[in-house]
Amino acid sequence: MATAIGEHGVELQIGGMTCASCAARIEKKLNRMEGVTATVNYATERARVTLAQGSGVETADLIATVEKTGYTAALPRPPAAAPAAAQLPGGADHGAADGADGADDRAEDGHAPDPLAPLRQRLLISLALSVPVVLMAMVPPLQFTYWQWLSLTLAAPVVAYGAWPFHRAAWTNLRHGAATMDTLISMGTLAAMGWSLYALFFGTAGMPGMTHPFALTLARTDGGSALYLEAAAGVTTFILAGRYAEARSKRKAGAALRALLELGAKDVTVLRDGREVRVPTAALRVGDRFTVRPGEKIATDGTVLEGASAVDASMLTGESVPVEVSPGDTVTGATVNAGGRLVVEATRVGADTQLARMGRLVEEAQNGKAAAQRLADRISAVFVPVVIVLALGTLGYWLTAGAGAAAAFTAAVAVLIIACPCALGLATPTALMAGTGRGAQLGILLKGPEVLESTRRVDTVVLDKTGTVTTGVMTLTGIHLAEGASEAEVLRLAGALEHASEHPVARAVAAQAASRTGTLPTPVEFTNVPGLGVTGVVEGHSVVVGRAQLLEQRELPLPPALAEARAAAEARGRTAVAVGWDGAARAVLVVSDAVKPTSAEAVRRLRALGLTPVLLTGDNQAVAASVAAEVGIDEVIAEVLPEDKVAVVERLQAEGRSVAMVGDGVNDAAALATADLGLAMGTGTDAAIEAGDLTLVRGDLRAAADAIRLARATLGTIRTNLFWAFGYNVAALPLAAAGLLNPMIAGAAMACSSVFVVGNSLRLRRFRALAG
């Protein structure tokens, strides 16, 4: 039964796409329908369709249109029935990984087989069979008696089995009046194989003792002794290698959302009839009361009913300082209870929680991100039909000119051989492999060729503060002493008390105290005062550590110098911890999220690349301004809620800027996916890493500048490769069509272009990072 589409449109899972031009063709067909506006994303294999009011188009009509175009379409499986992976963007690998093989495979759902396995098997078998074929053709001493028949035996499975995805895609495209790179690959390999069979069975190439002829002369020939088995097998293997590299990067399209959703608590302790019962988080309902012990994740969004604690929301919000909560305060699911026991009433569950809403933001940003159109596919849209027409025209011309069938066919084969996109197939994957290999050595991960174009255009870089510009860890950064107090004694006594507390600020003080003074004494009569600090007896002293209010309650007022130091620290957004004992305030300790020592240098390097840095944070304006001044950033956007970071990126884009985003938290994941270029710190969360286009493994912001330099260098290499790949082939096309180009020279020109492309790509291995 046909399904009506709601006013917000529908998403379709698309199968069978093998290149970006497939997505463009589907998008074009859908947009021709009355009242339909469609965007097809090749990377996520999704089509997002919106309709004009009253269009009357139904889901079945959209699916039928896609199927008539030569591809498959279906509604994503409902959440209740589908494995988690299948609900994620890119969760289905509809055969693009294997040239339309395995249209029903599902990626990484824990049950289905690895969808890359068929392609990997096809590549390895083709590689093993084609290497000896190429060696025998190119190394005369290996050409023993009847070597050509062994070459045929090895090459035939490569052309039939290895290149089968290309043949099938070419046939599908032909039936729908289209031509892509698959068409040239199929025609070129089949032509090379077909002429080799002709030469072996009807020409002189099958004679005992035959050696591979090679003459650098321009002369008309009947090609009866020429074999092109190495071209047929080599082209197939090279292109399969490129497709495999591409498919591996595409499989990660849905991992950001999966990593995001896995942050939530898996089960929860619910209060039922006065008893604590452990149940799965999915069983929670609005109004349920549940407990959260210290160190546990809060299961869902809710309101605190009992208890007081500090909640660490850094993994979700990027906020470095834990938030103090008490009865009446709201808490967010997936944040961590860092202090005492809490009783929380659930106010939002399932798809309504903040975590789920952020998950939808990531999915929408990924689906709405236009897939980069490969340069080779754009050119081949014109190049492929022209070459086919030229080859047929060459054949027809020489037949009518009386040159003979063999000579005419030789000239036509030469046209297809010289145009066969061996170097085109190598241009992107070899540069990408060299660039990504070198990047991995430098702690930079490029996820695929789609992101490279963005690195050339970006002019603004948005830097998340916590964990990116700063360490993301609370650190003792200053000590202000009262007259007569010693730093060692302050740290020893305060550190002893703080060591007994679980509060992140307390841990920062205790860690620094232990590193400077050694083993800390054990306090007695330790008391935690919720929201204010701690008290206790240490080495006979009655010690108070915490907010100034706590010291004032114990009649330990801060002297003017310490009060001034406290005010100055808080004005800069730092946390001030007062310390006193035996009737007097002794010190103010300043705790903050310290700026990474390399951040200022990183900002200078980003500016040198022509980028304008912008600091973006959920922290308050004072903290943001202090950090920005320290690292040399002029533009600051502070106090931004997690869901608003996407809006900030979109606003900058609306101003005409091309935006790169650098972040590490879950709250950055959607913004990373929305930005023109997302750079994720590898020290951050999995959600941010998977949503980014580039990953900086080292967690050093200087690597962001190196990543952009490397990506731009890789893009430049790809463009150079493509230019010369076409240059070699196109320059020889007139000679081939004129019948003056020996097909062996055509093969040699193709080999030279491949050697040039590989050599040019290998130069990326000499890329040097500026970061120390």
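The protein chain has the name Cation-transporting P-type ATPase B in an unreviewed UniProt entry, where Streptomyces auratus AGR0001 is given as its organism. Turning to the protein chain, the UniProt annotation filed under Sequence similarities (unreviewed entry) states: "Belongs to the cation transport ATPase (P-type) (TC 3.A.3) family. Type IB subfamily." In its Catalytic activity (unreviewed entry) section, the UniProt record describing the protein chain reads: "ATP + H2O = ADP + phosphate + H(+)".

### Looking at the pairing of strand β24 (residues 659-663)
Within a regular beta strand, the side chains point alternately toward one face of the sheet and then the other, so they alternate between its two faces. Burial analysis of β24 places five of its five residues in the buried class, which makes it a mostly covered element. Residue alternation in β24 divides its side chains into two sets, V659, M661 and G663 and A660 and V662, and both sets are buried. Note: β24 against strand β25 (residues 677-681), four bridges, orientation parallel. Its bridge partner lying in β25, M661 is registered against G678.

### As for the environment of G194
Tracing the sequence through the fold places G194 in helix α6 (residues 181-201). It is 9.4 Å that separates the C-alpha atoms of G194 and V413, two residues lying 219 residues apart in sequence.

### What to know about the pattern of salt bridges
Enumeration according to the criterion identifies 20 salt bridges in this entry. Between E601 and R604 there is a salt bridge, and its shortest N-O distance comes to 2.7 Å. Of this pair, E601 and R604 both sit in helix α20 (residues 599-608), three residues apart, roughly one helical turn. E601 gets classed as partly exposed once you look at its relative accessible area, which sits at 25%.

### Points about the pairing of strand β7 (residues 289-292)
With two bridges joining them, strand β5 (residues 267-272) and β7 adopt antiparallel strand pairing. Within the sheet, the bridge partner assigned to V270 lies in β7 and is F290. Across four bridges, the pairing between β7 and strand β13 (residues 342-348) is antiparallel. Residue pairing for β13: V292 is matched across the bridge by L342.

### Here we look at the confidence of the model for the protein chain
Looking at the protein chain as a whole, the pLDDT averages 78, with 78% of positions reaching at least 70. Considering each helix and strand of the protein chain separately, the mean pLDDT is smallest for helix α8 (residues 255-261), with a value of 53, and largest for helix α4 (residues 147-162), with 95. pLDDT under 50 marks residues 78-112. Its contacts with residues more than four places away, or in other chains, come to 88 contacts. In this model residues 215-219 is a low-confidence stretch, pLDDT under 50, and it forms 10 contacts with partners more than four residues away in sequence or in other chains.

### Points about the UniProt feature "transmembrane region" (unreviewed entry) in the protein chain
This chain's UniProt record puts "transmembrane region" (unreviewed entry) on residues 123-140, 146-164, 184-205, 225-245, 379-399, 405-428, 722-738 and 744-762. When the span residues 146-164 is considered, its composition is 89% helix and 0% strand, and the gap between its end C-alpha atoms is 27 Å.

### Some points on the sheet that holds strand β23 (residues 635-637)
One key point about sheets: their strands pair by backbone hydrogen bonds, in either a parallel or an antiparallel sense. The mixed open sheet is built from seven strands, whose spatial order is β14-β26-β25-β24-β15-β22-β23. In this open sheet, the two edge strands, each paired with only one partner strand, are β14 (444-446) and β23. Strand-to-strand, the axes of this sheet are offset by a mean angle of 20°, without reference to chain direction. Inspection of the sheet shows strand β15 (residues 460-464) paired to strand β22 (residues 612-616) by five bridges, in the parallel sense. Looking at β22, one finds that V462 is bridged to V614. Those strands touched by helix α22 (residues 645-654) are β15, β22, β23 and β24, and its axis lies near 155° from that of β24.

### As for the sheet that holds strand β12 (residues 336-337)
Taken together, three strands build an open sheet; the order of strands is β10-β9-β12 and the sheet is antiparallel. Edge positions in the open sheet fall to β10 (323-325) and β12, since each of these has one partner strand only.

### With respect to the packing of helix α3 (residues 117-138) against α4
At a minimum axis distance of 9 Å, the contact between α3 and α4 shows a crossing angle of 150°. One way to sum up the angle between α3 and α4 is to call them roughly antiparallel. Crossing of α3 against α4: the hand is left-handed. Residues Q121, R122, I125, S126, L129, S130, P132, V133, M136 and A137 of α3 touch α4, and the partners they reach there are W147, L150, S151, L154, A155, P157, V158, Y161 and G162. Each residue belonging to the contact of α3 with α4 can be placed in one class, and the counts come to 13 nonpolar, five polar and one charged.

### Topic: unusual backbone geometry
Within the chain, Y146 stands out as a residue other than glycine whose phi angle is a positive 65°. Inspection of the secondary structure puts Y146 in the loop between α3 and α4. The phi dihedral of A334 falls on the positive side, at around 80°, and the residue is not glycine. Here A334 shows up in the loop between β11 (330-331) and β12.

### Brief notes about α22
Within α22, the full set of buried residues consists of K645, V646, V648, V649 and L652. For α22, the buried positions fall inside an angular range of 160° around the axis, keeping them on one side. Note on α22: the residue one or two positions beyond its end, G656, has a positive phi of about 95°.

Here is what the cut-offs are and how they apply
- Residues numbered from 1 in each chain as written.
- Predicted model: local features only at pLDDT ≥ 70, side-chain atom pairs only at ≥ 80, totals over all residues.
- Heavy atoms only, no water.
- UniProt positions renumbered as here; feature names shortened; annotations may be inferred.
- Buried < 20%, exposed > 50% of the residue type's maximum accessible area, 1.4 Å probe, protein only.
- Helix = DSSP H or I, 4+ residues; strand = E, 2+ residues; numbered from the N terminus.
- Pairing = 2+ DSSP bridges.
- Salt bridge = Lys/Arg side-chain N within 4 Å of Asp/Glu carboxyl O.
- pLDDT = per-residue confidence, 0-100.
- Contact = heavy atoms within 4.5 Å.
- Axes fitted to C-alpha atoms, helices over the stretch in contact; angles between N-to-C directions.
- Parallel < 35°, antiparallel > 145°, perpendicular 65-115°, else oblique.
- Left-handed = near helix turned anticlockwise from the far one by under 90°.
- Nonpolar A, V, L, I, M, F, W, Y, C, P; charged D, E, K, R; others polar.
- Arc of directions from axis to C-beta.

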